[in-house]
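# Working through the structure, step by step
The lines below spell out each chain.
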Amino acid sequence: MKWITYNERTRVFTLRTRNTMYQMQVREYETLIHLYYGADIGDTEATHRIVCLDRGFSGNLYEAGDDRTFSLDVLPQEYSGYGNGDYRINSLEVEHEDGSDAVHLRYEDYKIQEGKYSLTGLPAMFGDENEAQTLEITLYDRISNLKVHLLYSVFPELDIITRAARIENQGEKQVKIQRAMSMEMDYTHKHMDLVHFYGRHAMERMTERQPLHHGVQSIESKRGTSSHQHNPFVILCDRMTSEKYGDCYGFALAYSGNFRCEIEVDQTEQTRLVMGIHPYHFSYRLEKGDVFETPEVIMAYSGDGLGRLSHIFHDAYRSNLIRSKYMDSPRPILVNNWEATYFDFDEEKLFRIAERAKEIGLDMFVLDDGWFGNRDTDTKGLGDWYVNENKIRGGLAKLVEKIHGLGLKFGIWIEPEMVSEDSDLYREHPDWVLRIPQRHMNLSRSQLNLDITRKEVRDHVMGQIFKVMDECKVDYIKWDMNRSVDNVYSAVLPAERQGEVFHRYVLGVYEMMEQLVQRYPDLLFENCSGGGGRFDAGMLYYSPQIWCSDNTDAIDRLKIQYGTSFGYPVSAMGAHVSTCPNHQTGRTAPFETRGVVASAGTFGYELDLEKLTEEEKEMAKEQIRAYKKMEHLVQTGDYYRLSDPFKNQDHVLWEFVSKDKKEVMVCGVQLRNEANPHIHLIYPEGMDEKRHYQDVETGAVYTGAALMKAGVALPLGKGDYQPVRFHFVMVD
Ligand code: GLA
């Protein structure tokens, strides 16, 4: 099947996936015009959608002469330049040697190839010739001879199209890129809502849906990371779109640094979205022959609502973005000592937790912050990645041997991008941090960002960490990052390249992570940035899971995990049972409920197992057994959001359905109990209407249609925050 075609006569490019279509056309003056993205429209080329009109104050190209109907100010484009009469937000802005900044991109040629393109040093989806096809369209600016190669890969079976831009200076003179977006999407005549995911530390990815307004709005991060505050995943959808019905488009930037998604509704009710690296503190100098590659945007369209859109992203990430061998195999269920001990532990305490972990059936012990240097508090020690033998007497290797001896795996916490002022590393190399000359550095959690743009810094840190990992035979790494990037200036870059620091920092992080995953192919790697501050598609290329939030309160997690699930698979969300009253909120929820919420992710415990009561121990054993039985649903099933925690005050429910529809699990929490209660019916989704399903607990048998259309009653609660769990299996 030809998924990408070019019609020589009409000059229309058509990209197809199983259910979607994307079209563009080379038009007058070699302008690449966007025609259509959405449901499959058969063999029609949507050229009829382009209506050219003479519009006041929207200028025209000089070569158009008296024809005032072809204006770049209003026509939908694929990748807009600057200073060519288009006053909307644009994709590319440059500064030429003479100080001028116009760039007018015209079509030059195209290439179609089997398989997926890749990007140098950047995360991206992968796919062989059976999975993906690539279209490369080259645009160029006649005056500077700057070339822009627009990269499109289609993944037909996944209903995914990816985009990126490769910018090449083929001119004689230097060019400075001021803004290079990864993609642009122009919609004609659409009134849409924007769904995005904002938040803060410990309350990440809250969901907000707002109608687009005239003018420009943006979702962005300038913190050097993708951030807790805004996530580089957004959805545009029709006003009527719901979980089950309607048109929606998802855009995910596979990048872990500063980003901007800008959306403009223009004078003629058209919508333009651009997404890519934030232009703030960004420039990139291209000498003759140099190339700059933007990060990738992963796009999908669903005509069947937001639920289907999420399934597309979940499946795509699981099959063609996450590389870990743990993607398809059961993850060890862990206990992490952070909330159990914080910095206050010794080897005996750690071993006792490990012994209890073994007793209740856990698979791995994870040693969090505080094992290295003089790290007794969070004010010191970062950068000194050697074992603190005052705390871990006899050395870490010996402790790990004992833990391995219990039959448990062993994991450890690191924060490689950071340094404390009170550390040997900082005393030896005070010039290795990001610091603006003559200015005080801004501190955050008493720590500083290392200048990760520098190879010698990266190699030093990773060398130390690899030594510990080799000596201790580490099975799992939690890579943390506990402050935003600031003091942005690298001592080794010339003045005219300081605009590259943020981006080079991110490339440096990716290079370190790549070294880690190449050197330890069997490692389970979990990302983290103060919980979920770097929860993005870029990070999933390196690690199959990310610690979802520092907030372990099961009730707050309902919102955090709900918001995260729009763009990311549940199998990527680190979720643990912690103690009560909860350390972040002081709230108390039943142990079982904490288990149900943490089971909607990569499951584990984060509490002092020594303090569990006998009853809790038995419950934990049961939770672990139950998770092992349902883990395949978390890892490979379809995930449905059955209720919205931002709207529903009574209960929050979600559901897993195996791909073959034979097994279904509905889980959730009843938030509030009331006297003389209503009966709440719930309606599972995604089942086979005609087949029969048995409720594993009660033995009752229903048709799929009965469950989905007539519903099933929630059990009556016995208090607030009660757990809900239904398990149905197909019986015919
Ligand atoms: C971050 C992480 C926590 C924990 C602490 C340790 O906040 O998100 O899980 O590892 O750092 O300092």
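In this text the structure is predicted, and so the values were computed from the model without any measurement. (Residues numbered from 1 in each chain as written. Predicted model: local features only at pLDDT ≥ 70, side-chain atom pairs only at ≥ 80, totals over all residues. Heavy atoms only, no water.)

## Side note on the overall build of the protein chain
- For the protein chain, the helix and strand inventory stands at twelve helices and 38 strands.
- Relative to the globule expectation of 27 Å for 732 residues, the C-alpha radius of gyration of the protein chain, 27 Å, shows essentially globular dimensions.
- Along the three orthogonal principal directions, the C-alpha set of the protein chain runs to about 85 × 70 × 45 Å.
- Classification of the 732 residues of the protein chain by burial places 61% in the buried group.
- Summarising the internal contacts of the protein chain: among those between residues at least 6 apart in sequence, 68% fall at separations of at least 24.
- For the protein chain, the distance from the average position of its 84 positive side-chain charges to the average position of its 114 negative side-chain charges is 1 Å. (Helix = DSSP H or I, 4+ residues; strand = E, 2+ residues; numbered from the N terminus. Rg over C-alpha atoms; globule rule 2.2 N^0.38 Å. Buried < 20%, exposed > 50% of the residue type's maximum accessible area, 1.4 Å probe, protein only. Contact = heavy atoms within 4.5 Å. Lys, Arg positive; Asp, Glu negative; His and termini not counted. Charge placed at Lys NZ, Arg CZ, Asp CG, Glu CD.)

## A look at the nonpolar core
- One finds L92, F251, Y317, W371 and L396 to be the most contacted residues of the largest nonpolar core, which totals 199 residues.
- In terms of residue count, helix α7 (residues 501-519) provides more of this core than any other element does, ten residues in total.
- Excluding residues that lie within four positions of it along the chain, W371 makes contacts with F345, W385, Y386, V387, N388, I392, L396, I412, W413, I414 and V468.
- Membership of the second largest hydrophobic core comes to 16 residues, among which are L653, I682, L714 and F728. (Core = buried A, V, L, I, M, F, W, Y, C linked by side-chain atoms within 4.5 Å.)

## Concerning the site of the ligand
- With respect to spatial proximity, 13 residues lie near the ligand, and among them D368, D369, K478, G531 and D550 are the closest.
- In the model, an oxygen atom of the ligand is placed 3.0 Å from a nitrogen or oxygen of the W413 side chain.
- In this structure, an oxygen atom belonging to the ligand sits 2.4 Å away from a side-chain N or O atom of D550.
- In a pocket analysis with a 2 Å cut-off to the grid points, the ligand is assigned to the second largest pocket.
- Residues that form the shell around the ligand fall into these classes: four nonpolar, three polar and six charged. (Near = heavy atom within 4 Å. Polar contact = N/O pair within 3.5 Å; in protein donor to acceptor, adjacent residues only side chain to side chain. 1 Å grid on protein atoms, 1.4 Å probe; cavity = no way out; pocket = protein on both sides within 12 Å on 5 of 7 lines; lining within 4 Å. Sits in = over half its atoms within 2 Å of the grid points. Nonpolar A, V, L, I, M, F, W, Y, C, P; charged D, E, K, R; others polar.)

## Details of the pairing of strand β26 (residues 476-479)
- Residues Y476 and K478 of β26 are buried on one face, and the alternating residues I477 and W479, pointing to the opposite face, are buried as well.
- As paired elements, strand β23 (residues 409-414) and β26 share four bridges and run parallel to each other. Residue pairing across strands places I414 opposite W479, the latter belonging to β26.
- Two strands pair when backbone bridges link them, and β26 and strand β27 (residues 524-527) are joined in this way by four bridges, in the parallel orientation. (Pairing = 2+ DSSP bridges.)

## Structural notes on the environment of P416
- One can find P416 in the loop between β23 and β24 (418-420).
- In the structure, P416 is positioned 65 residues away from M481 in sequence and 7.8 Å away in space, judged by C-alpha atoms.
- Filtering out sequence-adjacent residues up to four positions away, P416 remains in contact with W385, L450, I452, V461, M462, I465, W479, D480 and M512.

## Remarks on the sheet that holds β23
- Around the barrel, eight strands lie side by side as β21-β22-β23-β26-β27-β28-β29-β30; this closed barrel has parallel pairing. In this sheet, neighbouring strand axes are inclined to one another by 30 degrees on average, regardless of whether the strands run parallel or antiparallel.
- Pairing of strand β21 (residues 334-336) with strand β22 (residues 364-367) involves three bridges; the strand directions are parallel. Along β22, the bridge assignment pairs V335 with F365.
- Docked against the sheet, helix α3 (residues 347-360) engages β21 and β22, running at close to 155 degrees with respect to β22. (Axes fitted to C-alpha atoms, helices over the stretch in contact; angles between N-to-C directions.)

## Some remarks on the domain arrangement of the protein chain
- Along its sequence, the protein chain is organised into domain 1 (4-320), domain 2 (333-636) and domain 3 (651-730).
- Between the C-alpha centres of domain 1 and domain 3 there is a distance of 41 Å. (Domains from an automatic or database assignment.)

## Focus: a negative patch on the surface
- The grouping of E114, D128, E129 and E131 at the surface amounts to a negative patch.
- Structurally, E131 is set in the loop between β6 (106-114) and β7 (133-140).
- Classification of E131 as partly exposed rests on a relative accessible area of 32%. (Patch = residues over 30% accessible without salt bridge, like charges linked within 9 Å, V, L, I, M, F, W, Y side chains within 5 Å. Areas by Shrake-Rupley, 256 points an atom, 1.4 Å probe, with all protein chains shown as cover. Salt bridge = Lys/Arg side-chain N within 4 Å of Asp/Glu carboxyl O.)

## Re the packing of helix α10 (residues 591-598) against helix α11 (residues 614-636)
- For the pair α10 and α11, interaxial distance at closest approach is 10 Å and the crossing angle is 25 degrees. Taken as axis vectors, α10 and α11 run roughly parallel relative to one another. For the pair α10 and α11, the sense of crossing is right-handed. From α10, F591, E592 and G595 reach across to α11, where they touch E616, M619, A620 and Q623. (Parallel < 35°, antiparallel > 145°, perpendicular 65-115°, else oblique. Left-handed = near helix turned anticlockwise from the far one by under 90°.)

## Focus: the pattern of salt bridges
- Under the defined criterion, the tally for this structure stands at 64 salt bridges.
- Residue K659 pairs with D315 through a salt bridge whose shortest N-O separation is 2.8 Å. Of this pair, K659 sits in the loop between β32 (651-657) and β33 (663-670) while D315 sits in helix α1 (residues 305-320), placing them 344 residues apart in sequence.
- Its salt-bridge partner being R393, residue E347 comes within 3.2 Å of it at the nearest N-O pair. One end of the pair, E347, is in helix α3; the other, R393, is in the loop between β22 and α4 (396-405), and 46 residues separate them in sequence.
- The exposure class of R393 is partly exposed, given its relative accessible area of 43%.

## Describing a nonpolar patch on the surface
- Residues I679, L681, Y683 and L716 make up a contiguous nonpolar surface patch of roughly 410 Å² in combined accessible area.
- Counting through the fold element by element, L681 comes out in strand β34 (residues 681-682).

## Remarks on the layout of surface pockets
- Taken as a whole, the largest pocket spans an internal volume of roughly 830 Å³.
- Lining the largest pocket are 29 residues, with E592, E697, V724, R725 and F726 sitting closest to its centre.
- Going through the elements one at a time, α10, α11, β33, β37 (712-713) and β38 (722-730) are the ones with two or more residues in the lining of the largest pocket.
- Split into classes, the residues belonging to the lining of the largest pocket amount to 14 nonpolar, seven polar and eight charged.
- Within this model, the second largest pocket holds a volume of roughly 570 Å³.
- Taken together, 33 residues form the lining of the second largest pocket, with H201, H228, N482, G530 and D550 sitting closest to its centre.
- Counting only domains with at least three residues in the lining of the second largest pocket, you end up with domain 1 (4-320) and domain 2 (333-636). (Points joined across faces, edges and corners; volume = space filled by probe spheres on them.)

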